[in-house]
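# Overview (structure and organization)
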Amino acid sequence: MFTRLITSAVFAGAGAGLIAALLQLTFVQPVLLHAELYESGQLVHFGAEAVSAHPDLGGLDLMRDGLSVLFSMLLYTGYALLLLPLMAIAEQRGQSLDGKTGLIWGAIGFLVIQFAPGFTLAPEVPGVAAADVFARQFWWVGTVVAAGVAAGLIAFTRSWFAWIGAAVLLLAPHLIGAPEPESFAGPVPPEIAALFAARAFGVALVGWALLGAFAAYFWRTSAVHSPATQARSA
Amino acid sequence: MIQNSTAVTSPVAATRSTSLIALALSAVLGLGVVFSVGLAQANALHDAAHDVRHANGFPCH
């Protein structure tokens with residue numbers, strides 16, 4: 001069972017992570033590199049001269065972009081290792097699992113890990129003003145855990161009491177508020193930061209949806225060869 | 001048919017506890033990977049995963 005979990009997660013994570021990385025390099029990376037020109041001071045927003053919105057961002061950086069592909073595949077494998085046990089438990093409890101329901105699992109993964117914390121702590125482009133990184137990480141982890149528990153309550157319970165609890169868990173981190181910087185002194189133009197957040201969310205949604213579909217697919221495919229399943233169906 | 005279903009009851013019960021351990025191990029491993037890629041503050045890790053962290057909404061810097 002463990003081998004089956006690991007292999008399914010690695011295949012799903014590598015596939016979804018690779019596609020997410022290619023989308024990231026195409027749509028997110030140029031925005032990030034553009035922002036870094038302001039972060040490093042090479043471009044100055046509201047300086048003496050108007051700055052072109054279309055600077056030369058350079059081509060592909062093999063080392064840097066290669067690492068991004070590798071780490072994206074690793075990250076998505078990590079997500080799959082978390083997602084698959086939950087899918088397996090749901091399957092044991094009689095839920096059907098296929099590419100289509102996997103898509104929903106993936107979309108919920110996106111909502112829990114990306115959208116819930118990002119609703120208040122928007123995906124940050126390099127160079128924006130931000131509070132202490134440990135404080136933000138603490139809030140980020142708390143928000144993801146709360147959203148994860150809320151998603152479980154909504155999906156797997158049938159009581160109004162639990163659903164109200166889920167709503168409280170979803171709202172509380174945002175009502176409490178994320179750690180904010182003392183003042184907004186970031187040198188990056190808001191146009192770039194807004195585009196970055198939108199692109200990061202979009203790419204992540206595609207990556208997660210694919211991850212859920214792939215994870216369900218590989219989990220089901222590997223069941224055909226698993227001795228435990230054969231014994232049960234015999 | 002009935003004999004078959006009773007015969008497989010005990011192996012299924014036995015695999016249930018091992019499968020729980022497998023599920024938990026997978027989740028712990030997943031947490032470790034997500035933490036290393038997204039949150040660990042070690043310099044080398046931060047630099048290598050920098051763009052992926054930003055693109056995936058992890059707090060960075």
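Please read these numbers as outputs of a predicted model, since none were measured by experiment.

With 42 residues, the main nonpolar core has A:Y79, A:M87, A:W208 and A:L211 as its most contacted residues. When contributions to this core are tallied by element, the ones reaching two or more residues are α1 (2–39), α2 (62–92), α3 (99–118), α4 (133–156) and α6 (190–223) of chain A together with α1 (2–38) and α2 (43–55) of chain B. With 11 residues, the single largest contributor to this core is α2(A). Both domains that furnish three or more residues to this core are identified here as domain 1 (2–127 + 188–233) and domain 2 (131–180) of chain A. Among all residues touching A:Y79, those that are not within four sequence positions of it are A:I113, A:Q114, A:W208, A:L211, B:V34, B:N56 and B:F58.

All right, on to the environment of A:G13 then. All names here are of chain A. Considering the arrangement of structural elements, one finds G13 in helix α1. Look at G13 and you get buried, because its relative accessible area is 0%. Residues G13 and A197, spaced 184 residues apart in sequence, show a C-alpha to C-alpha distance of 23 Å. Once residues lying within four places of it in the same chain are set aside, the contact partners of G13 are L18, M73, Y76, T77, A80 and L211.

Glancing now at the packing of α1(A) against α2(A). Residue and element names in this part refer to chain A. Put simply, α1 and α2 touch, their axes get as near as 6 Å, and they point 135 degrees apart. By the angle class used here, α1 and α2 are oblique. α1 and α2 meet at a crossing whose hand is right-handed. For the contact of α1 with α2, the class distribution of residues is 19 nonpolar, eight polar and three charged.

So, on to the domain arrangement of chain A. All names here are of chain A. Domain parsing of chain A yields domain 1 (2–127 + 188–233) and domain 2 (131–180). In this complex, domain 1 contributes 13 residues to the contact, which on the side of domain 2 involves 12 residues. Between domain 1 and domain 2, a total of about 1100 Å² is buried, with carbon and sulfur atoms accounting for 75% of that surface. Ranking the residues of domain 1 by area buried against domain 2 places V112, T120 and L121 at the top, with a combined share of 43%. Our enumeration of links across domain 1 and domain 2 arrives at one salt bridge. Across the pair R136 and E124 runs a salt bridge whose closest N-O atoms are separated by 2.6 Å.

Per the UniProt entry, the sites bearing "transmembrane region" (unreviewed entry) are residues 20–40 of chain B in this numbering. Helix and strand shares over residues 20–40 of chain B are 90% and 0% respectively, and the end C-alpha atoms of the span are 28 Å apart.

Analysis parameters
- Residues numbered from 1 in each chain as written.
- Chains lettered and ligands numbered in written order.
- Predicted model: local features only at pLDDT ≥ 70, side-chain atom pairs only at ≥ 80, totals over all residues.
- Heavy atoms only, no water.
- Core = buried A, V, L, I, M, F, W, Y, C linked by side-chain atoms within 4.5 Å.
- Buried < 20%, exposed > 50% of the residue type's maximum accessible area, 1.4 Å probe, protein only.
- Helix = DSSP H or I, 4+ residues; strand = E, 2+ residues; numbered from the N terminus.
- Domains from an automatic or database assignment.
- Contact = heavy atoms within 4.5 Å.
- Axes fitted to C-alpha atoms, helices over the stretch in contact; angles between N-to-C directions.
- Parallel < 35°, antiparallel > 145°, perpendicular 65-115°, else oblique.
- Left-handed = near helix turned anticlockwise from the far one by under 90°.
- Nonpolar A, V, L, I, M, F, W, Y, C, P; charged D, E, K, R; others polar.
- Buried area = accessible area lost by both parts, 1.4 Å probe.
- Salt bridge = Lys/Arg side-chain N within 4 Å of Asp/Glu carboxyl O.
- UniProt positions renumbered as here; feature names shortened; annotations may be inferred.

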